[in-house]
Amino acid sequence: MAKKPKRKKGEYWGKKREDSRNWPVYNEELVVRGKFLLDFDWVKSWDKELKKMNKNKRGKPFEFPESLIRLQAVWNQWVGVRQVEGITRQLAMTAKIPNFNDYSTVNRRIRKINTSFQLPKHGFCSVSTDGSGMKMHNPGEYRQIKYGGKKRRWLEVVISANPLTKDLLDMEVNIDGEGDSEPDIAMQHMSNLWNNGITVDKFWGDGAFDVIDLFNLLEQHGTESAIPPRDNAAKNAKGSMRRLREIFEYQTKTWEEWTRDKQYGKRWLGTEGIFSSVKGIFGEHTRAKTVETACLEVERKFWAYETMRKYAKMHI
């Protein structure tokens, strides 16, 4: 029967992890991500973009193109909207951009940007889904000691990504314990892909995704899966022949055999790797005071990470 072994430090599924990454290429990609923060090629189309945005628009016309707002939304991951205004004002003074917007306009516009991710253009993808927590706010040690006592609130972030390309596909942010379960969100994300004509060839998930409805949905669409059933799972169908087959396969192999055959370790590339990167770059807390704005802020963190990553891929 498959049973997860205890891993020693430096080991990966019972073996020493081998780093096959092309470090010179990856290092250049990280450098180019920084270039995005000061890339102003879009300024050449300032007037053209505004004209397109204001076509058939009712009310006051837009004064600042969406390209500027999207760039400011990324800056806002490190500094507040007032500091974003300061950066933009300085750029206007040095003639890098035609004009600057004040912090209230910045705040209002970045809250409305579209943070959805680009779907695969070739019509198919693999999916790995997992969740992690983000802090509602970061009060600092002094404030925590002096004014502490309130229960900490956490935001639960569930992302779906392609572990083979590391592309983000979809995400959901809720107050911990108040949103849908991870399996339900995974089914919603994959349904969105299927509804857009994209074939999901394989799904990865940890033991929390050992759910009958999820297995039945994967069977319906002919999607392979790498989900470890519970060690004591009963050998009966209970509403899902697909899950029963997975249980038999899992229980007739060792953990090493099952993970190797299922390529289970790849799921980390599509979820844990992204969580680690986003939290390492932008931090794991929010500055927002309300639940709604905090959820939007977390969405922009992952959107900003994916935007910079895609920019680097395009320019290398």
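Please refer to the structure higher up on the page.
The model shown is predicted, which means the values in this text are computed figures rather than measured ones.

A.B. asks: Help me understand the environment of Glu-249 in this model?
C.D. replies: On the secondary structure map, Glu-249 appears in helix α9 (residues 241-251). A C-alpha to C-alpha distance of 10.0 Å links Glu-249 and Pro-228, two positions 21 residues apart in sequence. In this structure Glu-249 touches Trp-258 and Lys-262, once residues within four positions along its chain are discounted. Side chain to side chain, Glu-249 and Lys-253 meet in a polar contact 3.2 Å long. A polar contact is formed between the side chain of Glu-249 and the side chain of Lys-262, at a distance of 3.4 Å.

A.B. asks: Where do I start with the packing of aromatic side chains in this structure?
C.D. replies: Pairs of aromatic rings are described using the distance from one ring centre to the other and the angle between the two planes. One pass over the structure, following the stated rule, counts 13 aromatic pairs. Between Trp-23 and Tyr-26, the ring centres sit 5.5 Å apart and the planes meet at 75 degrees, which makes this aromatic pair edge-to-face. Of the two residues, Trp-23 and Tyr-26 are both situated in helix α1 (residues 23-35); the distance of 3 residues between them amounts to about one turn of the helix. By way of ring pairs, the aromatic residues Phe-40, Trp-42, Trp-46 and Phe-64 are connected into one cluster. The lysine or arginine in question, Arg-82, covers the ring of Tyr-103, its NZ or CZ lying 4.1 Å from the ring centre.

A.B. asks: Got a minute to help me understand helix α5 (residues 103-110) in this structure?
C.D. replies: Each full turn of the α-helix corresponds to 3.6 residues, which orients residues three or four apart in the same direction. Within α5, burial applies to Thr-105, Val-106, Arg-109 and Ile-110. The buried residues of α5 occupy an angular sector of 115 degrees when projected down its axis, which confines them to one face. Elements in contact with the buried residues of α5: α2 (46-54), α3 (66-75), α4 (81-93) and α13 (291-315).

A.B. asks: What am I meant to see in the sheet that holds strand β3 (residues 124-135) here?
C.D. replies: The pairing of strands in a sheet happens through backbone hydrogen bonds and is either parallel or antiparallel. Overall, mixed pairing links the 5 strands, which are arranged β5-β4-β3-β6-β7 in an open sheet. Across the chains shown, the open sheet's two edge strands, defined by having one partner strand only, are β5 (167-175) and β7 (224-226). Each neighbouring strand pair of the sheet contributes to a mean axis angle of 25 degrees, computed without reference to strand direction. In the sheet, strand β6 (residues 199-204) pairs with β7 via 3 bridges, with the strands oriented parallel. The partner of Phe-203 across the bridge, within β7, is Ser-225. Against the sheet, α13 makes contact with β3, β4 (154-162) and β5, and its axis sits at roughly 165 degrees relative to β5, the strand it touches most.

A.B. asks: What should I look at first to understand the pairing of β5 in this one?
C.D. replies: Along any regular strand the residues' side chains alternate between the sheet's two faces. Pairing of β4 with β5, which is carried by 8 bridges, proceeds in the antiparallel orientation. Across the sheet, Glu-156 pairs through a bridge with Asn-174, a residue of β5.

A.B. asks: I tried to follow a positive patch on the surface on my own but got confused; where do I start?
C.D. replies: Taken together, the side chains of Lys-57, Arg-108, Arg-111 and Lys-112 make up a positively charged region of the molecular surface. Following the sequence through the fold, Arg-111 ends up in the loop between α5 and β3. Given the relative accessible area of 35%, Arg-111 is considered partly exposed.

A.B. asks: How should unusual backbone geometry be read in this particular structure?
C.D. replies: Excluding glycine, a negative phi dihedral is what most residues carry, and trans is how most peptide bonds are arranged. Phi at Ala-95 is positive, roughly 65 degrees, even though this residue is not glycine. Along the chain, Ala-95 falls in the loop between α4 and α5. Ala-95 gets classed as exposed once you look at its relative accessible area, which sits at 65%. Phi at Lys-166 takes a positive value of approximately 65 degrees, unusual for a residue other than glycine. Along the chain, Lys-166 turns up in the loop between β4 and β5.

Reading guide: rules and limits
- Residues numbered from 1 in each chain as written.
- Predicted model: local features only at pLDDT ≥ 70, side-chain atom pairs only at ≥ 80, totals over all residues.
- Heavy atoms only, no water.
- Helix = DSSP H or I, 4+ residues; strand = E, 2+ residues; numbered from the N terminus.
- Contact = heavy atoms within 4.5 Å.
- Polar contact = N/O pair within 3.5 Å; in protein donor to acceptor, adjacent residues only side chain to side chain.
- Phe/Tyr/Trp six-rings, centres within 6.5 Å; stacked < 30°, edge-to-face > 60°.
- Lys NZ or Arg CZ within 6 Å of the ring centre and 35° of its normal.
- Buried < 20%, exposed > 50% of the residue type's maximum accessible area, 1.4 Å probe, protein only.
- Arc of directions from axis to C-beta.
- Pairing = 2+ DSSP bridges.
- Axes fitted to C-alpha atoms, helices over the stretch in contact; angles between N-to-C directions.
- Patch = residues over 30% accessible without salt bridge, like charges linked within 9 Å, V, L, I, M, F, W, Y side chains within 5 Å.
- Areas by Shrake-Rupley, 256 points an atom, 1.4 Å probe, with all protein chains shown as cover.
- Salt bridge = Lys/Arg side-chain N within 4 Å of Asp/Glu carboxyl O.
- Lys, Arg positive; Asp, Glu negative; His and termini not counted.
- Charge placed at Lys NZ, Arg CZ, Asp CG, Glu CD.

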